[in-house]
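Chain by chain, the residues:
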Amino acid sequence: MSRTIKMALIGCGGMGRSHLRSAREVPELEFVCYADAVEGTAASACHEFGGRYHTTDVEAIMRDDDVEAVLIATHHDSHPPLATRAAQAGKQIFLEKPMALTIEDCLKIEEAVDKAGVKLMMGFKFRFAPLVASVKQMVPHPLVTVGQSLHSAMKGWPLTPERGGGPVLSNGCHAFDLVYWLNESEPVLISAAGGPLTHPEHGLVDNAAVSVQFENGSIAAIIAGDSGDARYTSKFFFEVLDGRRTATLYERCHKAQLSGCEVDSLSVEELPPPLSTDPEGTRAELQAWARCLLEDTESPVGPRDGTRATAMVLKAFEAIRSGRTQELRL
Ligand SMILES: NC(=O)c1ccc[n+]([C@@H]2O[C@H](COP(=O)([O-])OP(=O)(O)OC[C@H]3O[C@@H](n4cnc5c(N)ncnc54)[C@H](O)[C@@H]3O)[C@@H](O)[C@H]2O)c1
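Residues numbered from 1 in each chain as written. Predicted model: local features only at pLDDT ≥ 70, side-chain atom pairs only at ≥ 80, totals over all residues.

> Which parts of the structure should I look at to understand the overall build of the chain?
The helix and strand inventory of the chain stands at 10 helices and 15 strands. Here the chain has a C-alpha radius of gyration of 19 Å; the compact-globule value for 330 residues is 20 Å, and the two agree. Overall size of the chain, expressed as C-alpha extent along the three principal axes, is 55 × 45 × 35 Å. When contacts within the chain are restricted to residue pairs at least 6 apart in sequence, those whose partners lie at least 24 apart make up 67%. (Helix = DSSP H or I, 4+ residues; strand = E, 2+ residues; numbered from the N terminus. Rg over C-alpha atoms; globule rule 2.2 N^0.38 Å. Contact = placed C-beta atoms within 7 Å.)

Below you can see the structure in the form of structure tokens.
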């Protein structure tokens, strides 16, 4: 067996633990220590998943030469200081989305990673969802893309401007990234409507209808926010159309309907394992991360992908504020 990568988890809350469960099936990754601002949270992760130690002091991890890579799954305001510090400490970095709350902070992370010569992978798991891969293969050059990421009754820190950035950035960034990924052309013009509709107490745009023009001339419409239970289309819904073929991903990309393609419908449950047991790509993204470290290849979802997704959301906010279409050139 090839060597294992010794990892530290920073941020042992809901998503951190989800990664730990997925990593149980990725033997190349070994979590050896755990950090969280809340000691009990780090301790219980260490106890349940095994490791050498837990800590509330992230510097202990940065100084630990046994730790090759960190997985950062903390509140969004802490992504820039943690990611830049990890880069300075020479750690490889898996960073949960969104990369940061501002474009400037995203670019600072890019710079730190570049300077340190380490790899950074963004946690845009839907790129690794099996049916997204099938749809991308069957409709490789969409002319029109529709994306939806609608949360339901979001609570707590993700809603706040200081720590989370609101539902459009917190959760909607998945849709912005996937719409880019399905097109693989840079977004150049962004216009939008929206406002603080469901959580006015935070004063942030919490629901947005966004139009995107890509460099290659294709277009997309994205609905993102937190506005109720999107039961039939689901929180994550995407449609790609190329003039001949249409593919619709629904039920969180667990199902697809197609027309003009080799098949009329797909369901992740009908795929053979291991695909059927990883409908949203949570395990596959960690496998891709391990592979890129072991084979020393480029990060499959790199820093520029993180910057682009945050920039698309923030340009949409600016379009709403100013009432003008925004140019995006990264
Ligand atoms: N990819 C996905 O599908 C997905 C789903 C949910 C959340 N996320 C992302 O995962 C990250 C964490 O979200 P969550 O839902 O697990 O939140 P959470 O509140 O459940 O957990 C965050 C943890 O980070 C800790 N923390 C915060 N700041 C810290 C710091 N500076 N140092 C150390 N620990 C710190 C908190 O104490 C908490 O235990 C966010 O970036 C979020 O957007 C991704």
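After presenting the structure, the write-up continues.
> Where do I start with the domain arrangement of the chain in this structure?
Each domain of the chain was delimited in the assignment, giving domain 1 (5–123 + 283–300) and domain 2 (126–279 + 310–327). Counting from both sides, the interface comprises 14 residues of domain 1 and, opposite them, 14 residues of domain 2. For the side of domain 1 that touches domain 2, the elements supplying multiple residues, two or more each, are helix H5 (103–116) and helix H9 (282–294). No other element matches the four residues that H9 contributes to the side of domain 1 that touches domain 2. (Domains from an automatic or database assignment.)

> For this particular structure, what's the right way to read the nonpolar core?
The nonpolar side chains of a soluble globular protein tend to be buried with one another. Ala8, Leu9, Ile10, Val70, Ile93, Val313 and Ala316 are the most contacted members of the largest nonpolar core, which has 101 residues in total. For this core, the element with the most residues is helix H10 (residues 303–322), which contributes nine residues. Those residues in contact with valine 313 that lie beyond four places of it in its chain are Val168, Leu169, Gly172, Cys173 and Phe176. (Core = buried A, V, L, I, M, F, W, Y, C linked by C-beta atoms within 7 Å. Buried ≥ 20, exposed ≤ 12 C-beta atoms within 10 Å, placed from the backbone.)

> Got a minute to help me understand the sheet that holds strand S15 (residues 326–327) in this structure?
Paired through backbone hydrogen bonds, the strands of a sheet run either parallel or antiparallel to each other. Pairing in this open sheet of nine strands is mixed, and the strands run S14-S13-S12-S11-S7-S10-S9-S8-S15 from one edge to the other. The sheet terminates laterally at strand S14 (265–267) and S15, the two strands that pair on one side only. Those strands touched by helix H6 (residues 130–138) are strand S11 (236–241), strand S12 (246–250), strand S13 (255–259) and S14, and its axis lies near 170° from that of S12. Contacting strand S7 (144–151), strand S8 (187–195), strand S9 (207–214), strand S10 (219–226) and S11, helix H8 (residues 173–183) crosses the sheet at an angle of about 160° to S7. (Pairing = 2+ DSSP bridges. Axes fitted to C-alpha atoms, helices over the stretch in contact; angles between N-to-C directions.)

> Got a minute to help me understand the pairing of strand S2 (residues 29–35) in this structure?
Working note: regular strand, side chains alternate between the two faces of the sheet. The element S2 is extensively covered by neighbouring structure, given that six of its seven residues are classed as buried. Relative to S2, strand S1 (residues 5–10) runs parallel, the two sharing six bridges. Bridged to isoleucine 10 within S2 is alanine 35. In terms of handedness, the path from S1 via helix H1 (residues 14–23) over to S2 forms a crossover that is right-handed. Where S2 meets strand S3 (residues 53–55), three bridges bridge the pair, whose relative direction is parallel. What sits directly across from tyrosine 34, in S3, is histidine 54. For the handedness criterion, the β-α-β arrangement of S2, helix H2 (residues 39–49) and S3 is classed as right-handed. (Right-handed = clockwise from strand over helix to strand, strands pointing away.)

> Can you walk me through the site of the ligand in this structure?
Not every one of the 23 residues close to the ligand is listed here, only the nearest: Gly11, Gly13, Gly14, Met15 and Ser78. Here the element with the most residues in the shell around the ligand is H1; it accounts for three residues. Of the residues in the shell around the ligand, the class split is eight nonpolar, 11 polar and four charged. (Near = placed C-beta within 6 Å. Nonpolar A, V, L, I, M, F, W, Y, C, P; charged D, E, K, R; others polar.)

> Looking at this structure, how should I read the environment of valine 205?
As for its placement among the helices and strands, valine 205 is situated in the loop between S8 and S9. Using a count of 25 C-beta atoms within 10 Å as the deciding quantity, one classes valine 205 as buried. Residues valine 205 and leucine 169, spaced 36 residues apart in sequence, show a C-alpha to C-alpha distance of 9.5 Å. Every residue in contact with valine 205, bar those within four places of it in the chain, is listed here: Gly166, Val168, Gly194, Gly195, Pro196, Phe317 and Ile320.

> Any chance you could explain the packing of H8 against H10 here in plain terms?
Packed helices, taken two at a time, are described by the angle between their axes plus the distance between the axes. Between H8 and H10, the least distance of the axes is 9 Å, while the angle of their chain directions is 115°. It follows that H8 is roughly perpendicular to H10 by the angle criterion. At the point where H8 passes H10, the crossing takes the right-handed sense. Residues Cys173, Phe176, Asp177 and Tyr180 of H8 lie in contact with H10, whose contacting residues are Asp305, Arg308, Ala309, Thr310, Met312 and Val313. Residues of the contact of H8 with H10, tallied by class, amount to six nonpolar, one polar and three charged. (Parallel < 35°, antiparallel > 145°, perpendicular 65-115°, else oblique. Left-handed = near helix turned anticlockwise from the far one by under 90°.)

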